[in-house]
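Structural characterization, general
As a plain string of letters, each chain reads:
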Amino acid sequence: MRINTDELSSGIKVTFHIEYRTGPEKKLCMAGSTAAPGEEPFTGVQEMHRRDNGLWTLQLTLPSSVRAVSYRYLLVDADGETVTEPWERPHRAVFDTSAAVYHLHDRWQETPPDITLYSSAFTEAVYARTAAAAQPPDNTRRTLVIRVPNPRTGKKQHLAIAGNQAALGCWLPEQAREMDGSDFPEWEIRLNADELTFPLEYKFLLRDGTGQAVRWETGENRRWHRFPSDAAVTVVLSCHPFREGLPPWKGAGTVLPVFSLRSEQSFGIGDLHDLKQLIDWAALTNQSLIQVLPVNDTTRTRTWDDSYPYSAISIYALHPLYVSLTEMGVLKDARKRAFYRRMQQALNAEEDVDYEAVAKYKTDCCRDFFAQEGAAVLAGAAFRLFWETERAWLEPYAAFCYYRDKYRTADFSTWGEHAAFRPDREHRLCAAGSEARPEIAFTCFLQFVLHTQFRDVADHARRKGIILKGDLPIGIHRSSVEAWTEPALFNPGGQAGAPPDAFSDRGQNWFFPTYNWDVMEKDDFAWWKKRLRALERDFTALRMDHILGFFRIWEIPIDCVDGLCGHFRPALPLTADEIEAWGLPFREAFLRARIHRRHAAELLGDMAAEVIETFLMPEGDEHFILKPFCNTQRKVNALFERSDAVSAKVRDALLTIACEVLFLADPFEPAKYHPRISASTSFACRELTPEEQQAFDRLSSHFFYERHNAFWKEVALKRLTPLVHATGMMICGEDLGMIPEPVHEVMSRLHILSLELERAPKTSGTEFACLQTLPPASVCTTSTHDMPPLRSWWQEDPERTRRYYRQALHGEGPAPAACTPGLAGQILRSHLNASSMLTVIPLQDWLAMSETLRHPRPERERINIPAHPHHRWRYRMHLSLETLLAADDFNRQIRTLIAESGRDTRRESAGNTGEVI
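Residues numbered from 1 in each chain as written. Predicted model: local features only at pLDDT ≥ 70, side-chain atom pairs only at ≥ 80, totals over all residues. Heavy atoms only, no water.

Across its full length, the chain carries 27 helices and 35 strands. For the chain, the spread of C-alpha atoms along the principal axes amounts to about 100 × 80 × 75 Å. Classification of the 917 residues of the chain by burial places 57% in the buried group. A sequence separation of at least 24 residues applies to 73% of the contacts in the chain between residues at least 6 apart. Between the centroid of the 107 positive side chains of the chain and the centroid of its 123 negative side chains there is a distance of 3 Å. (Helix = DSSP H or I, 4+ residues; strand = E, 2+ residues; numbered from the N terminus. Buried < 20%, exposed > 50% of the residue type's maximum accessible area, 1.4 Å probe, protein only. Contact = heavy atoms within 4.5 Å. Lys, Arg positive; Asp, Glu negative; His and termini not counted. Charge placed at Lys NZ, Arg CZ, Asp CG, Glu CD.)

Written out as structure tokens, the structure reads:
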């Protein structure tokens, strides 16, 4: 901190004090910044002075215009290596005019064991405070300020301080001094030092809204022994956190996509008004969290292809189909109003979302309302503020939508002169008087309505004490606003996906462009930080989709359609010499997609002769390769775009032949290679000798599970650390699939909650996870949107169900053929009793407990099938939210389960928790 240390008669004299014991070869420093009005910020590092008994001090004189300083302590060794405080939150001091001398007594900030409670999920939702009344001016010249952090304070509770003298109530709880929570979760009290005697003994306690004591902190009394003699001095004590002595916080919640909601007011698809009702139901049943899937605009074709919520065309724009027509307003035209009412009733009567019909009629209704009210809205102060605040993304998005409709495709590479984004031109396109202005205005109007409604939903959740958890997709669509406006950030020659796993034995291709992380790193990942800042305005928690992608992504060549021929990026590919060191002589043939004659006959069966004649050509005497017109998976897929069962079988065989390689050449490093994933089961591997097969298996196992561990740990920390520190949201990672060894360590270090499923254990050799030994910093769930819900899973594999029934449920005899309400309740109870911080249940699985509320056909409850890249996302809850809110017996059952599992945070938030003082 480069601050003038000369004595300035008009300055503020500040002494920093901290206790930290270390050897003589190390020194303690302070780094920070402060800015006075009209001045440049002071920044830098100052060495502190070592005193006796591990005490360190630093005296500075600040200009009298300085009102605040933010700083951190650093430990520096003889080589200049630094260690920062484990807790990333900086210290902050605020100065007023009541004193010219300040003594700041700090503590080295270790990470609190309840670090998650300091996230906005708790400070802005579960334990959110109402705005505190303005504090009266403090004219005290000699002030003792005591601060203590405590996030676990119910909305109707407050922190108080009691002590060994009259100014602190002489230890009487009812006379304890109430502390100020304006800077929650930090609590503060300002005491007139002249009314105190030293040494001072004190302790903190929690009181309810009536002033009754709820709980004293545990441990010994706190003490302070001295106070300086200056005439005008403020001493600030930053205390260790409130010692609550409670079990770890636990909560429960529900996950459901917005499109799956149903109410009497919605228009064939869930909307933002419905989301408010789901939040009401969560509050009614004493849940703490509602989780949704991504809500960004995916409109490219206005067909079913747009129903995939993880394929956004904008990372900022909300999906137009989620607008609440009820809250938007009423059409004055009676004929049109009646027409849309009939369409609403017809679409709401459908069992699932009819995506294309909803998109057409809901958009038409919005256009009619814009024609009626648009001019007035666009002229209003609220819209003008929205435009100025969001213009950086809104203007390119509006231009993109205009060109998409003009050219009838979102593939901007086909837009001719508009294929390359030009900010000045797009600005003129959006300006008043442009021929595109009417369409641009409608697009901006709709986003204004959507963002206004969503902000209302977010505020509603905060008022109800419900954590609203969003979803950050790992990718964007290659035909998206961001790919158009910031092409340097993306690699269009690669496709993001996932290697083969339990969801898909051929891997998954999400068709997203991969990221150019090296470019993103140059500005400290500003693109990601902007995304997080936009999300945290409405969400207080976030699911990081496929967090493994921050360690490495599965990159698939652009001419492939499935994930088998992908490779990890970044990675450490092998040289030919390294391959041979494993005992496998390297051959160029390992890189060519080909199939042996005998294997072709085995693969193709009675179609062999015809398929070979049409699609294959010989390579040497023993092998076939694909003919040039079908020598990539993408070419094969194009040939069989409309296929019957027979031609689909041929297509699948040709797709398999296209992957018959043992190694893949790295696209960036010449003469380096990746072993093909799952190649041990390929026809190509069967051509190796037994010794070569064993060598290939050893090589592959080491490559995929050991070689990259230290490398990927370094990569992930470099990418994730600045992102996690850029947001106050509670971060949860979706860490399923092929999990590298360092994932758990990195997520734990960055306080990212993991995702845990009983049916997808992370311990090798285990079929079902033990729910009582899951990591406390985790989210436990019964199923995800990529899995069959509980009842469908039960019927999927009877033999597996039998093992689960005996091992996990301790059932006797044969397992029931169907998951009964009683069994569902037993399974949910065990998940609620898990050691995870959060248990989040899909709505379908909650409803499985009720004979009257559960879906009559469990197979209709599935949201997604990952193995089907063109799956239609259309599941919609079969009963209305109004019915769910009125289901008293069912809701009482959920409240009971939540209370019995210790996840009822409403009781804790409301007032006295019943603990003995």
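Let us now look at the sheet that holds strand 27 (residues 595-596). What holds strands together in a sheet is hydrogen bonding between their backbones, with the strands either parallel or antiparallel. One open sheet accounts for 3 strands, arranged 27-29-28; its pairing is antiparallel. The outermost strands of the open sheet, each flanked by one partner alone, are strand 27 and strand 28 (616-619). Where strand 28 lies against strand 29 (residues 623-626), 4 bridges are found, and the strand directions are antiparallel. Its bridge partner lying in strand 29, Glu619 is registered against His623. Relative to the sheet, helix 14 (residues 608-615) contacts strand 28 and strand 29, its axis offset from that of strand 28 by approximately 80°. (Pairing = 2+ DSSP bridges. Axes fitted to C-alpha atoms, helices over the stretch in contact; angles between N-to-C directions.)

Turning to the nonpolar core, a few remarks are in order. Core analysis: the biggest nonpolar cluster contains 228 residues, and Phe122, Ile146, Leu275, Trp528, Leu720, Met730 and Phe890 have the highest contact counts within it. Excluding anything up to four places from it in sequence, Ile146 contacts Ile161, Met179, Trp187, Glu188, Ile189, Leu191, Leu200, Tyr202, Phe204, Leu237 and Cys239. Counting residues in hydrophobic clusters, the runner-up holds 24 residues, among them Leu28, Leu75, Ala93 and Phe95. (Core = buried A, V, L, I, M, F, W, Y, C linked by side-chain atoms within 4.5 Å.)

It is worth spelling out unusual backbone geometry at this point. Each neighbour pair has its own omega, and for Phe198 with Pro199 the value is 10°, a cis peptide bond. By the secondary structure assignment, Pro199 is in the loop between strand 14 (186-192) and strand 15 (200-207). Pro570 follows Arg569 through a cis peptide bond whose omega is 0°. Of note, Pro570 is situated in the loop between strand 26 (567-569) and helix 12 (576-581). A positive phi angle, near 70°, is found at Phe511, a position not held by glycine.

To continue, consider the packing of helix 6 (residues 381-407) against helix 8 (residues 437-464). For the pair helix 6 and helix 8, the least separation of the axes is 9 Å and the interaxial angle reads 125°. In terms of axis orientation, helix 6 runs oblique to helix 8. The hand of the helix 6/helix 8 crossing is right-handed. Between helix 6 and helix 8, the contacting residues are Ala382, Phe383, Phe386, Trp387, Trp393, Leu394, Tyr397, Ala398, Ala399, Cys401 and Tyr402 on the first element and Glu439, Ile440, Thr443, Cys444, Phe445, Gln447, Phe448 and His451 on the second. In terms of residue class, the contact of helix 6 with helix 8 is made up of 15 nonpolar, 3 polar and 1 charged. (Parallel < 35°, antiparallel > 145°, perpendicular 65-115°, else oblique. Left-handed = near helix turned anticlockwise from the far one by under 90°. Nonpolar A, V, L, I, M, F, W, Y, C, P; charged D, E, K, R; others polar.)

Right, let's talk about the sheet that holds strand 1 (residues 12-19) for a bit. Strand order in the open sheet made by the 8 strands is 4-5-1-9-18-10-14-13, with mixed pairing throughout. Edge positions in the sheet fall to strand 4 (49-50) and strand 13 (180-183), since each of these pairs with one other strand and no more. Here strand 10 (residues 142-149) pairs with strand 14 via 7 bridges, running antiparallel. Paired with Ile146 across the strands is Ile189, a residue of strand 14.

This part takes up the packing of helix 2 (residues 272-284) against helix 8. The interhelical angle for the contact between helix 2 and helix 8, taken along N-to-C directions, is 5°, at an axis separation of 9 Å. One finds that helix 2 runs roughly parallel with respect to helix 8. Every residue of helix 8 that contacts helix 2 at Leu272, Leu275, Lys276, Ile279, Asp280 and Ala283 is listed here: Leu450, Gln453, Phe454, Asp456, Val457, His460, Ala461 and Lys464. Of the residues in the contact of helix 2 with helix 8, the class split is 8 nonpolar, 2 polar and 4 charged.

A word on the side chain of Asp538. Inspection of the secondary structure assignment puts Asp538 in the loop between helix 11 (526-535) and strand 24 (541-544). A polar side-chain atom of Asp538 sits 2.7 Å from a polar atom in the side chain of Arg455. With residues near it in sequence (within four places) discarded, Asp538 still touches Phe454, Arg455, Ala458, Arg462 and Leu468. (Polar contact = N/O pair within 3.5 Å; in protein donor to acceptor, adjacent residues only side chain to side chain.)

The predicted model of the chain averages 93 in pLDDT, with 96% of residues at 70 or higher. A low-confidence stretch, residues 1-8 (pLDDT under 50), is modelled with 30 contacts involving residues beyond four sequence positions or located in other chains. Low confidence marks residues 36-42, where pLDDT is under 50. Its contacts with residues over four positions away, or in another chain, come to 14 contacts. (pLDDT = per-residue confidence, 0-100.)

This part takes up the pairing of strand 11 (residues 158-163). When a strand is regular, its side chains alternate between the sheet's two faces. Most of strand 11 sits inside the fold, with 6 of its 6 residues counted as buried. Of the two faces of strand 11, the one carrying His158, Ala160 and Ala162 and the one carrying Leu159, Ile161 and Gly163 are both buried. Two elements, strand 11 and strand 15, share 6 bridges in a ladder whose sense is antiparallel. The residue of strand 15 that forms the bridge with Leu159 is Leu206. Bridging between strand 11 and strand 12 (residues 177-178) involves 2 bridges; their strand directions are antiparallel.

Bringing the environment of Asp364 into the picture now. Mapped onto the secondary structure, Asp364 falls in helix 5 (residues 355-379). Taking the C-alpha atoms as reference, Asp364 lies 9.2 Å from Tyr340; in sequence the two are 24 residues apart.

Further remarks concern helix 5. Along helix 5, the largest kink reaches about 65° and is centred on Glu373. Against helix 3 (325-328), helix 4 (334-348), helix 6 and helix 8 lie the buried residues of helix 5. (Bend = angle between axes of the 7 residues up to and from the residue.)

Relative to the assigned elements, Arg262 resides in the loop between strand 19 (251-255) and helix 2. There is no salt bridge for the buried Arg262, and the closest opposite charge comes from Asp352, which lies 6.3 Å off by N-O distance. Here Asn348 takes part through its backbone oxygen, which lies 2.5 Å from a polar atom of the side chain of Arg262. Within polar-contact distance, the side chain of Arg262 engages the backbone oxygen of Met877 at 2.6 Å. (Salt bridge = Lys/Arg side-chain N within 4 Å of Asp/Glu carboxyl O.)

The next thing to look at is the pattern of salt bridges. The final tally for this structure, using the stated rule, is 50 salt bridges. We note a salt bridge from Glu521 to Lys718, for which the minimum N-O separation is 3.6 Å. Here the residue Glu521 occupies a position in helix 10 (residues 517-521), and Lys718 occupies one in helix 19 (residues 709-724), the gap between them amounting to 197 residues. The exposure class of Glu521 is partly exposed, given its relative accessible area of 32%. We classify Lys718 as partly exposed; its relative accessible area is 40%. Among the ionic pairs, Arg587 bridges to Glu692, the shortest N-O distance being 3.3 Å. Of this pair, Arg587 sits in the loop between helix 12 and strand 27 while Glu692 is found in helix 18 (residues 690-705), placing the two residues 105 residues apart along the sequence. Each of the salt bridges in this network shares a partner with another, and the network as a whole consists of Glu351, Asp352, Arg857 and Arg860.

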